[in-house]
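Each chain is listed here by its residues.
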Amino acid sequence: QVQLVESGGGLVQAGGSLSLSCAASGIFLSINTMGWYRQAPGKQRELVATVKTLGTTNFADSVKGRFTISRDNAKNTVLLKMNDLKPEDTAVYYCNADIWGVNKTLYNYWGQGTQVTVSS
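Summarised in this report is the structure supplied together with it.

About the thresholds
Residues numbered from 1 in each chain as written. Predicted model: local features only at pLDDT ≥ 70, side-chain atom pairs only at ≥ 80, totals over all residues. Heavy atoms only, no water. Helix = DSSP H or I, 4+ residues; strand = E, 2+ residues; numbered from the N terminus. Pairing = 2+ DSSP bridges. Axes fitted to C-alpha atoms, helices over the stretch in contact; angles between N-to-C directions. 1 Å grid on protein atoms, 1.4 Å probe; cavity = no way out; pocket = protein on both sides within 12 Å on 5 of 7 lines; lining within 4 Å. Points joined across faces, edges and corners; volume = space filled by probe spheres on them. Nonpolar A, V, L, I, M, F, W, Y, C, P; charged D, E, K, R; others polar. Salt bridge = Lys/Arg side-chain N within 4 Å of Asp/Glu carboxyl O. Buried < 20%, exposed > 50% of the residue type's maximum accessible area, 1.4 Å probe, protein only. Contact = heavy atoms within 4.5 Å.

So, about unusual backbone geometry. Unusually for a residue other than glycine, Asn76 sits at a positive phi of about 60°. For Asn76, the location among the structural elements is in the loop between strand E7 (67–72) and strand E8 (77–82). Positive phi is not limited to glycine here, since Lys104 has a value of about 65°.

What follows is the structure, given as structure tokens:
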């Protein structure tokens, strides 16, 4: 069974930094896009950043210049570094990945979510 396990997050003051890490575990062929989404209370889940297998990245306009995303294909991990955090970044952050199963079918997986709270 494939799982995405997140770590990091927590409480930080505005202007501070946090890192989120996500590791894919289980049996699978390979991973396509990996990324992070977030959901604030009362709002829809939204894209934060994604990174493709060869490193192409995509960011939400609201985090450009403040967040970076990277991945380690050998370890099946993705890292989100968040700098200059703002109270509006407060949300539950979810790891997401498109993973090729051993049956050569592409599946989409979500992590359990990790809370990021930015105080003003």
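Alright, that's what it looks like, and here's the rest.
Turning our attention to the sheet that holds E8. The strand order across the open sheet formed by 4 strands is E1-E3-E8-E7, and the pairing between neighbours is antiparallel. The sheet is open, and its two borders are formed by strand E1 (3–8) and E7, each paired with just one other strand. Strand-to-strand, the axes of this sheet are offset by a mean angle of 15°, without reference to chain direction. Summarising the sheet, E7 and E8 pair through 6 bridges and their orientation is antiparallel. Following the sheet pairing, Phe67 is matched in E8 by Met82.

Space inside the largest pocket adds up to approximately 180 Å³. If you trace the largest pocket, you find 13 residues lining it, with Arg38, Ala40, Lys43, Glu46 and Glu88 closest to the centre. In terms of residue class, the lining of the largest pocket is made up of 2 nonpolar, 4 polar and 7 charged.

Once that is clear, we can look at the pattern of salt bridges. A complete count under the given rule lists 4 salt bridges for this structure. Here Arg38 makes a salt bridge to Glu46, at a shortest N to O gap of 2.8 Å. According to the relative accessible area criterion, Glu46 is partly exposed, its value standing at 38%. Between Asp61 and Lys64 there is a salt bridge, with its nearest N and O atoms 3.1 Å apart. Asp61 gets classed as exposed once you look at its relative accessible area, which sits at 65%. When salt bridges with common partners are traced through the structure, they connect Arg38, Glu46, Arg66 and Asp89 into a single cluster.

This part covers the environment of Ala60. With respect to the secondary-structure elements, Ala60 resides in the loop between strand E6 (57–59) and E7. Judged by its relative accessible area of 15%, Ala60 is buried. The sequence separation of Ala60 and Val116 amounts to 56 residues, and the corresponding C-alpha distance is 17 Å. Those residues in contact with Ala60 that sit more than four places away from it in its chain are Leu47 and Val48.

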